[in-house]
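Close look at the chain arrangement
Chain by chain, the residues:
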There are 2 protein chains.
Amino acid sequence: MINVVKIGGNVIDNPSALESFLRDFARLEGKKILVHGGGKEATRMSESMGIKANMIEGRRVTDRATLDIVTMVYAGLINKRIVAMLQSMGCDAVGLTGADGNVIPATRRAAKPIDYGFVGDIDPAKVNDRFIASLLDEGAVPVFCAICHDGKGTLLNCNADTIASSVALGAARIGETLLTYCFEKPGVMSDVDNEDSVISVITPDSFEELKEKGIVAAGMIPKLQNALKSAREGVKEVRICRAEDLLSEGKGTRIIAE
Amino acid sequence: MINVVKIGGNVIDNPSALESFLRDFARLEGKKILVHGGGKEATRMSESMGIKANMIEGRRVTDRATLDIVTMVYAGLINKRIVAMLQSMGCDAVGLTGADGNVIPATRRAAKPIDYGFVGDIDPAKVNDRFIASLLDEGAVPVFCAICHDGKGTLLNCNADTIASSVALGAARIGETLLTYCFEKPGVMSDVDNEDSVISVITPDSFEELKEKGIVAAGMIPKLQNALKSAREGVKEVRICRAEDLLSEGKGTRIIAE
């Protein structure tokens, strides 16, 4: 079993929550991989340097200055802090971008209709599972940030959820893989105001029903579509849960292909 | 044969010199490792963020803010740019700090007599040669920046020349190792104003003579002492040459133990 765990920016931004999460992650047995988001540090850094965020339709454009900042903050500061913390917990972390070992080749997104700048899209079939397998076989724990490259010398900003699903699909070619998305809610809820309304299992059929009835929050739909796609394409199970529930197997929402 | 090559900040700061150097490095045959210095980017970054360099007796103190900046710039920006460039040249680079895979454990320097802050010293005997060997056996090319860790969760700023000699001594336990320091001069010169005065070979005996006669520039003495130490402790040969001469085996100064 290979555990691929994605941790989001809200935990990254909270030092004590991050430390507590990493302690749990370090205790996970067997082969494992961590994927981390960015948090607000890149925005703070841009602001302190007087670089203004360039937004189109509510989405950030990664211009050259922003690419340099996210590379510094995600691949440098956050990734290496996490690696050093995991190492101190006896977990043999190795921090990676998609450029290292060409482990996640990406393609720069077309400039039409909207030019988002240095942003990359990933084909999970191209994830270098041989390199991941060699690290896992050595007992190492790959820790990915969401920076990739185009293979032509240019780094690209990617979506951390997509990195997680792509890495999980790559890992699934090595062995049975479980993908866990840790976030701030206890799972997918049928009532957003009631934390006791977590839906324990979602299948392709039940997802259609939840969607039709308007039970799932709009913001969860792309996340669930992505999770179902991962499950259909080879990941044994996708789980969405709170960071604090990483080690509580029964908690959260399981997304399975059948 | 394992080639360990150190490239300094002056080349890092010059994009066309860096690209040309990396093209040569990519063409080096066999197992190889790159170690890079920092360049002036960290200073520029600090200035743009209004962080003042804290100097004691002409040496920079790595306080918490400076540690964050060098981690971002060295381990993030510069390391990943080099990795992406090498990948585009067909060289399977993997960027590392000493924390990744616990490959270079360091010890924080004592705060007495002078507290240099988050600065690390390295015991070459502790370099994780098993991890380096596994990467080299995979055909990967480790690319080190000068950030290490103390194993207790704290990153440390280290000297890139020391990283290079420590990695070379680790590599020498795997196989015959050649360490090349690339810098802006054609080698160790007997007359600093005459580039034709390169001393082709230095041994422990000839070093003593050069030192006594005051032929070697004061600034070169610690570099040469370090090189001779590496040669005595297992590196087959240390070469000091211009970055442009990396592939010209006869050029520069060879430092050997006998």
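Conventions we followed
- Residues numbered from 1 in each chain as written.
- Chains lettered and ligands numbered in written order.
- Predicted model: local features only at pLDDT ≥ 70, side-chain atom pairs only at ≥ 80, totals over all residues.
- Pairing = 2+ DSSP bridges.
- Helix = DSSP H or I, 4+ residues; strand = E, 2+ residues; numbered from the N terminus.
- Contact = placed C-beta atoms within 7 Å.
- Axes fitted to C-alpha atoms, helices over the stretch in contact; angles between N-to-C directions.
- pLDDT = per-residue confidence, 0-100.
- Nonpolar A, V, L, I, M, F, W, Y, C, P; charged D, E, K, R; others polar.
- Parallel < 35°, antiparallel > 145°, perpendicular 65-115°, else oblique.
- Left-handed = near helix turned anticlockwise from the far one by under 90°.
- Buried ≥ 20, exposed ≤ 12 C-beta atoms within 10 Å, placed from the backbone.

Observations regarding the sheet that holds strand 14 (residues 253–255) of chain A
Residue and element names in this part refer to chain A. Ordered by their spatial adjacency, 8 strands build an open sheet running 5-8-2-1-11-13-14-12, and the pairing between neighbours is mixed. Whereas interior strands pair on both sides, the edge strands pair on one side only; in this sheet they are strand 5 (93–96) and strand 12 (201–202). Relative to strand 14, strand 13 (residues 237–242) is paired through 3 bridges, and the arrangement is antiparallel. Bridged to Val238 within strand 14 is Ile255. Here helix 6 (residues 160–172) sits on the sheet and contacts strand 1 (2–7), strand 2 (31–36), strand 8 (141–144) and strand 11 (177–183); the angle it forms with strand 1, its principal contact strand, is near 175 degrees. Strand contacts of helix 8 (residues 220–232): strand 11, strand 12, strand 13 and strand 14, with the helix running at about 145 degrees to strand 13, the strand carrying the most contacts.

Description of the confidence of the model for chain A
For chain A, per-residue confidence averages 94 on the pLDDT scale, and 100% of positions sit at 70 or higher. Across the predicted assembly, pTM comes out at 0.96 and ipTM at 0.95.

Concerning the environment of Asp115 of chain B
Inspection of the secondary structure assignment puts Asp115 of chain B in the loop between strand 6 (106–108) and strand 7 (120–122). Spatially, the C-alpha atoms of Asp115 of chain B and Asp63 of chain B are 9.6 Å apart, while their sequence positions differ by 52 residues.

Re the interface of chain B and chain A
Taken together, the contact pairs 33 residues of chain B with 33 residues of chain A. Taken together, the elements giving at least two residues each to the side of chain B that touches chain A come down to helix 4 (64–88), strand 5 (93–96) and strand 9 (147–149) of chain B. Looking at the side of chain B that touches chain A element by element, the count peaks at 13 residues for helix 4 of chain B. Among the residues forming the side of chain B that touches chain A, the class breakdown is 13 nonpolar, 14 polar and 6 charged.

Examining the packing of helix 2 (residues 15–27) of chain B against helix 4 of chain B
Residue and element names in this part refer to chain B. Two numbers describe how helix 2 lies on helix 4: the axes approach to 10 Å, and their chain directions differ by 55 degrees. When the interaxial angle is binned, helix 2 and helix 4 end up oblique. The crossing of helix 2 and helix 4 is right-handed. Residues Glu19, Leu22 and Ala26 of helix 2 pack against Ile82, Met85 and Leu86 of helix 4. Taken together, the residues of the contact of helix 2 with helix 4 sort by class into 5 nonpolar, no polar and 1 charged.

Digging into the pairing of strand 11 (residues 177–183) of chain B
Residue and element names in this part refer to chain B. Judged by how many residues are buried, strand 11 sits mostly within the fold: 7 of 7 residues are covered. By the alternation rule, side chains of strand 11 split into Thr177, Leu179, Tyr181 and Phe183 and Leu178, Thr180 and Cys182, which are all buried. Taken together, the 6 bridges between strand 1 (residues 2–7) and strand 11 define a ladder with parallel strand orientation. The residue bridging Val4 from the neighbouring strand is Leu179, located in strand 11. Bridge count for strand 11 against strand 13 (residues 237–242) is 6 bridges, and the pairing is parallel. Residue pairing across strands places Thr180 opposite Arg239, the latter belonging to strand 13.

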